[in-house]
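# Observations on chain architecture
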Amino acid sequence: MPTNVLVAYGTTNGSTAEIAEAIAEVLRKDGMTVEALPARSVPSAASYDAVVVGGGLYAGRWHKDARRFVRSHRKVLAERPLWFFSSGPLDPSASERDIPPVPGVKKAMVRLDAREHVTFGGCLREGAKGWVARMIVRNGKGGDFRDFDRIEAWGARIGQELTS
């Protein structure tokens, strides 16, 4: 049974980090040792039995740290149980229907034989970094569209797969 799990993420304003930590907490409750870390700070994925990678979506692409992590660690990731998640839609659509991975993530899923991908709603609040993000918030299009019940249920499904 894989017991040492990495949840790596790429985030700009912290929303994806909070999703990663929620997933990690569910897996910890299942008795696993889990680290939720910024993707850019992971020197090696080799010491983990399973990996979850998440990235915020920006202009139809995964956060650059998530993309770089997957590219840099592709050999190790291909040998382990692997899941991907994205966060981003600033509306309720991610809770209403399945949103497929963006093309770059889909390509990585196929190449690395990832088990699953899910898109969760995003969160953009006052004080967000970046000109575009600030404009979105200023125009009233920000908000928190994350569904933590759905996020935790997905984490529990991963835990069930790893323990069965």
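Residues numbered from 1 in each chain as written. Predicted model: local features only at pLDDT ≥ 70, side-chain atom pairs only at ≥ 80, totals over all residues. Heavy atoms only, no water.

### A few points about the overall build of the protein
When you go through the protein residue by residue, the secondary structure sums to seven helices and eight strands. Projected onto its principal axes, the C-alpha positions of the protein cover 50 × 30 × 25 Å. Classification of the 164 residues of the protein by burial places 47% in the buried group. Counting contacts in the protein only where the partners sit at least 6 residues apart, residues at least 24 apart contribute 76% of the total. (Helix = DSSP H or I, 4+ residues; strand = E, 2+ residues; numbered from the N terminus. Buried < 20%, exposed > 50% of the residue type's maximum accessible area, 1.4 Å probe, protein only. Contact = heavy atoms within 4.5 Å.)

### Here's the deal with the packing of aromatic side chains
Applying the stated criterion to the full structure yields four aromatic pairs. Measuring from ring centre to ring centre gives 5.0 Å for Trp62 and Phe84, while their planes differ by 70°; the resulting arrangement is edge-to-face. Of this pair, Trp62 sits in strand β4 (residues 61-62) while Phe84 sits in strand β5 (residues 82-87); the two residues are 22 residues apart in sequence, bridging distant segments of the chain. The two residues Trp62 and Phe84 agree in class, both being buried. Ring centres of Phe85 and Phe120 lie 6.0 Å apart, and the angle between their planes is 55°; on these two criteria the pair is classed as tilted. Residue Phe85 is located in strand β5, and its partner Phe120 is located in strand β6 (residues 116-120); the two are separated by 35 residues in the primary sequence. You can call Phe120 buried: its relative accessible area is 1%. (Phe/Tyr/Trp six-rings, centres within 6.5 Å; stacked < 30°, edge-to-face > 60°.)

### Brief notes about the environment of Ala153
Relative to the helices and strands, Ala153 resides in helix α7 (residues 148-163). Each C-alpha atom, one on Ala153 and one on Val34, is 17 Å from the other, the two residues being 119 residues apart in sequence.

### A short note on helix α1 (residues 15-29)
An ideal rise of 1.5 Å per residue puts 21 Å on 15 residues; α1 measures up with 22 Å between its terminal C-alpha atoms. Every buried residue belonging to α1 is among Ser15, Thr16, Ala17, Ile19, Ala20, Ala22, Ile23, Ala24, Val26 and Leu27, and all of these are buried. Once α1 finishes, Gly31 follows within two positions and takes phi at roughly 95°, a positive value. (Expected span 1.5 Å × (residues − 1).)

### With respect to a positive patch on the surface
Taken together, Arg61, Lys64, Arg68, Arg71, Arg74, Lys75, Lys107 and Arg111 make up a surface patch of like positive charges. Taken together, the elements giving at least two residues each to the positive patch come down to α2 (64-72), α3 (74-77) and α5 (103-112). Ranked by residues supplied to the positive patch, first place goes to α2 with three residues. One can find Lys107 in helix α5. Taking the relative accessible area as the measure of exposure, Lys107 reaches 53% and is therefore exposed. (Patch = residues over 30% accessible without salt bridge, like charges linked within 9 Å, V, L, I, M, F, W, Y side chains within 5 Å. Areas by Shrake-Rupley, 256 points an atom, 1.4 Å probe, with all protein chains shown as cover. Salt bridge = Lys/Arg side-chain N within 4 Å of Asp/Glu carboxyl O. Lys, Arg positive; Asp, Glu negative; His and termini not counted. Charge placed at Lys NZ, Arg CZ, Asp CG, Glu CD.)

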